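Each chain is listed here by its residues.
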Amino acid sequence: MSVRSLDERGASELLVRVPENELVMGVSHTGPVSNEALARRQRGVWREVRSRPSGPVGLVCRDGINFSAGLRAILGCGRDVIIAPDDTPAVLSDIGDRVTAIVADFPTGHGHEVRVDEGDSEAAPDEVRAEGSPRVHFFTSGSSGERKLVTKTAAQLVGEAKLLEQMWGPVVEKGLIAGTVSHQHLYGFLFRIVWPAITGRPIYGPTLEAHRVAEVAAREGIGALVSCPAHLRRLPSLVKGGSDVVEFSCIFSSGGPLDFDTALACRRSLGSAPVEVYGSTETGGIAWRQQSDSDEVPFRPFPGVEVRVRREVLEINSPHADVGVEPWTTTADRVEMTEDGRFTLQGRVDRIAKISGKRVSLIEMEQRLLERPEVEEVAILPMVDETRGRELTAALVVLSSHGRTRLKQEVRRELNDSLRAGLRESFPLEVIPRRWRYLSTIPVNTQGKRVVSELRKLAEQRSDREVTGLEVLEVCREDTRAEFRCVIPEDLSYFDGHFPNVPIVAGVVQLAWVCQLAKDAFEIQVQPSSLEGVKFHSLLRPREEITVVLDWELNRRKLRYEICRASVKIASGRFVIQQ
């Protein structure tokens with residue numbers, strides 16, 4: 001049966017049905033969950049949703065198994081599902097205005113909330129069957145502008161999942177399907193929720209943090225890992241030399257181009273070269289490739305997806321595309337076709353900026369900088385200098401070891417001028433970056449994608465560091481939890497006089513860091529006077545790498561924090577946040 005000919009009712013039934021047996025359907029944050037237990041959770045949500053007024057229902061669950069139960073219940077009521085991209089207060093407020101109920105596995109603070117019961121205390125007798133032809137609505141990531149609602153039918157989702165099983169089912173051996181990317185977005189939703197749901201494959205419910213992949217894989221047994229380039233770049237180094245042997249039968253990557261060095265490192269350290277899936281929320285999956293032996297492997301269109309090129313831009317005719325679009329959809333990617341119908345990506349057409357009246361390809365500028373031995377990663381942004389009223393570009397640069405050595409040996413301006421000089425052969429002087437920021441990493445969201453608004457904040461800072469002096473290397477935000485991997489600069493101004501010859505970070509400075517990071521992560525104002533249970537366990541010194549973990553308990557209005565160095569807890573406590 002082709003994807004286009006799938007029956008909508010039959011597809012809905014596949015998504016709703018739960019085999020009622022004791023086979024383990026997955027592992028949640030509380031332990032193994034059987035199909036029977038999942039069915040009880042589904043029925044509890046189903047009965048609650050049916051009692052609410054008609055209309056679409058929001059869905060936001062931190063655990064993938066609870067999410068699966070909620071999804072099956074909502075579709076079983078014949079209601080449309082609106083999936084929240086995250087559970088920040090602003091997003092939940094927006095979702096709350098669109099729906100008649102919100103299904104969640106945590107307190108959302110909304111009066112029309114329906115909770116997924118993880119206790120499975122009541123074996124509800126009702127049998128849930130598919131009703132109507134409900135649709136599932138996703139938000140685009142918002143990485144380049146306003147969020148947009150994208151609609152998928154059950155037949156589209158099931159059809160794409162059947163395609164995954166057809167292509168990689170034989171490769172994925174026994175074990176859980178787990179992911180470092182959120183199931184609240186289409187990529188994670190398809191690979192971590194729908195594919196396992198229609199094939200009976202078990203899943204690992206929580207979204208994994210990169211540094212916990214090896215531990216969980218060894219303990220629980222992960223067969224397939226669903227990830228993204230930003231997370232995969234770190235994984236080989238995280239498992240290298242560890243006591244746990246980590247090998248996956250299949251690794252998937254999406255959300256951006258995967259460089260060949262990372263693909264090779266994954267094959268050597270994790271047992272498999274990642275399968276790169278190219279597509280978007282609007283288009284669904286378009287094509288795939290696997291860089292096993294070469295970085296020149298072109299993308300191969302998925303079965304049923306037609307591709308063509310108009311003015312160097314890729315157009316597709318796909319059964320997975322957004323509901324209501326024309327047969328042929330124009331993407332934002334420039335491509336070059338091969339004779340056998342495959343293609344290579346040549347950059348995005350929507351990354352053309354106009355600076356001082358001159359058009360410039362930001363991707364081409366990034367590629368020129370990546371050719372320099374000092375540069376490991378770079379992002380170029382168009383900016384507006386508000387004080388002077390002029391357009392300019394800013395460069396956020398991750399330096400290579402060679403670049404870091406140069407930065408230590410030279411004045412920062414000399415390195416800036418050297419990189420600028422290298423661009424003058426290809427670009428007019430007016431468009432070459434005027435602002436240069438050197439970072440340890442370029443931050444990404446939970447899907448491993450760069451978020452323009454976040455990058456712009458970095459570019460607009462007066463220096464490469466926050467006002468508090470802490471240098472943020474990596475940010476992982478999901479829902480009401482945030483982790484900041486940071487490094488303490490050697491020349492931190494707070495070391496002056498504290499203490500001579502033995503510099504340490506004062507406790508009040510650590511609290512200032514927490515206040516600043518909480519404001520950045522959750523847009524909340526934290527006052528040191530509202531502290532509870534503060535403990536300082538160990539000292540912090542220059543050049544040390546730390547992790548600041550923030551948990552925002554919205555219902556209790558409390559922010560818990562921990563500052564850790566490797567596995568050592570340095571400080572902890574909580575703030576009471578006033579309304």
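Calculation notes
- Residues numbered from 1 in each chain as written.
- Predicted model: local features only at pLDDT ≥ 70, side-chain atom pairs only at ≥ 80, totals over all residues.
- Heavy atoms only, no water.
- Helix = DSSP H or I, 4+ residues; strand = E, 2+ residues; numbered from the N terminus.
- Axes fitted to C-alpha atoms, helices over the stretch in contact; angles between N-to-C directions.
- Parallel < 35°, antiparallel > 145°, perpendicular 65-115°, else oblique.
- Contact = heavy atoms within 4.5 Å.
- Nonpolar A, V, L, I, M, F, W, Y, C, P; charged D, E, K, R; others polar.
- pLDDT = per-residue confidence, 0-100.
- Phe/Tyr/Trp six-rings, centres within 6.5 Å; stacked < 30°, edge-to-face > 60°.
- Pairing = 2+ DSSP bridges.

S.K.: Please explain unusual backbone geometry as it appears in this structure.
M.R.: Glycine aside, residues mostly have negative phi, and peptide bonds are mostly found in the trans state. Within the chain, Glu 312 stands out as a residue other than glycine whose phi angle is a positive 70°. Relative to the elements of secondary structure, Glu 312 occurs in the loop between strand E16 (306-310) and strand E17 (313-317). One non-glycine residue, Arg 543, lies in positive phi territory at about 70°.

S.K.: I tried to follow the packing of helix H5 (residues 154-168) against helix H6 (residues 186-199) on my own but got confused; where do I start?
M.R.: Think of two packed helices as two axes; the pair is described by the angle between the axes and how far apart they sit. Look at H5 against H6: their axes get within 9 Å of each other, and the N-to-C directions meet at 75°. By the angle class used here, H5 and H6 are roughly perpendicular. The residues of H6 that touch H5, namely those facing Leu 157, Val 158, Glu 160, Ala 161, Lys 162, Leu 164, Glu 165 and Trp 168, are Leu 186, Phe 189, Leu 190, Phe 191, Val 194, Trp 195, Ile 198 and Thr 199. Residue classes in the contact of H5 with H6 are distributed as 12 nonpolar, one polar and three charged.

S.K.: Help me understand the confidence of the model for the protein chain in this model?
M.R.: Atom-level detail of predicted coordinates should not be read off regions where pLDDT is low. Counting all residues, the mean pLDDT for the protein chain is 84, and 90% of those residues have values of 70 or more. Across the protein chain, the element-wise mean pLDDT spans from 70 in strand E25 (residues 471-478) up to 97 in strand E15 (residues 300-301). Between residues 1-5, whose pLDDT stays under 50, and residues either more than four places distant or in other chains, the model counts nine contacts. Predicted confidence is poor over residues 462-467, with pLDDT under 50, and the contacts of this stretch with residues over four places away or in other chains come to 16 contacts.

S.K.: Sorry, what's going on with the packing of aromatic side chains here?
M.R.: Here a ring pair, both rings aromatic, is described through the centre-centre distance and the interplanar angle of the planes. Evaluated as defined, the whole model comprises 13 aromatic pairs. Centroid distance Trp 168 to Phe 302: 6.1 Å. Interplanar angle 90°. Geometry classified as edge-to-face. Within this pair, whereas Trp 168 is found in helix H5, its partner Phe 302 is found in the loop between E15 and E16, the two being separated by 134 residues in sequence. Ring geometry for Phe 299 against Phe 343: centres 6.1 Å apart, planes inclined by 20°, an arrangement best described as stacked. With Phe 299 in the loop between strand E14 (284-290) and E15 and Phe 343 in strand E19 (residues 343-348), this pair connects stretches of sequence that are 44 residues apart.

S.K.: Whenever I open this one, the sheet that holds strand E18 (residues 329-337) confuses me. Can you help?
M.R.: What links the strands of a sheet is backbone hydrogen bonding, and the strands pair in either a parallel or an antiparallel sense. Taken in spatial order, the four strands of this open sheet run E16-E17-E18-E19, and their pairing is antiparallel. Each of the sheet's edge strands pairs with one partner strand only, and the pair in question is E16 and E19. Adjacent strand axes in the sheet meet at a mean angle of 50°, parallel and antiparallel pairs treated alike. Where E17 meets E18, three bridges bridge the pair, whose relative direction is antiparallel.

S.K.: Would you take a moment to explain the sheet that holds strand E8 (residues 149-153) for this structure?
M.R.: What the six strands build is an open sheet, ordered E6-E5-E3-E4-E7-E8; its pairing is mixed. Looking at strand neighbours, the two that pair on one side only are strand E6 (113-115) and E8, the edges of this open sheet. Between one strand and the next, the sheet's axes are offset by a mean angle of 25°, whatever the strand orientation. Pairing analysis gives three bridges linking strand E3 (residues 57-60) to strand E4 (residues 81-83), with the strands arranged parallel. Its bridge partner lying in E4, Leu 59 is registered against Ile 83. Sheet strands in contact with H5 are strand E7 (135-139) and E8, and its direction is about 75° off that of E8.

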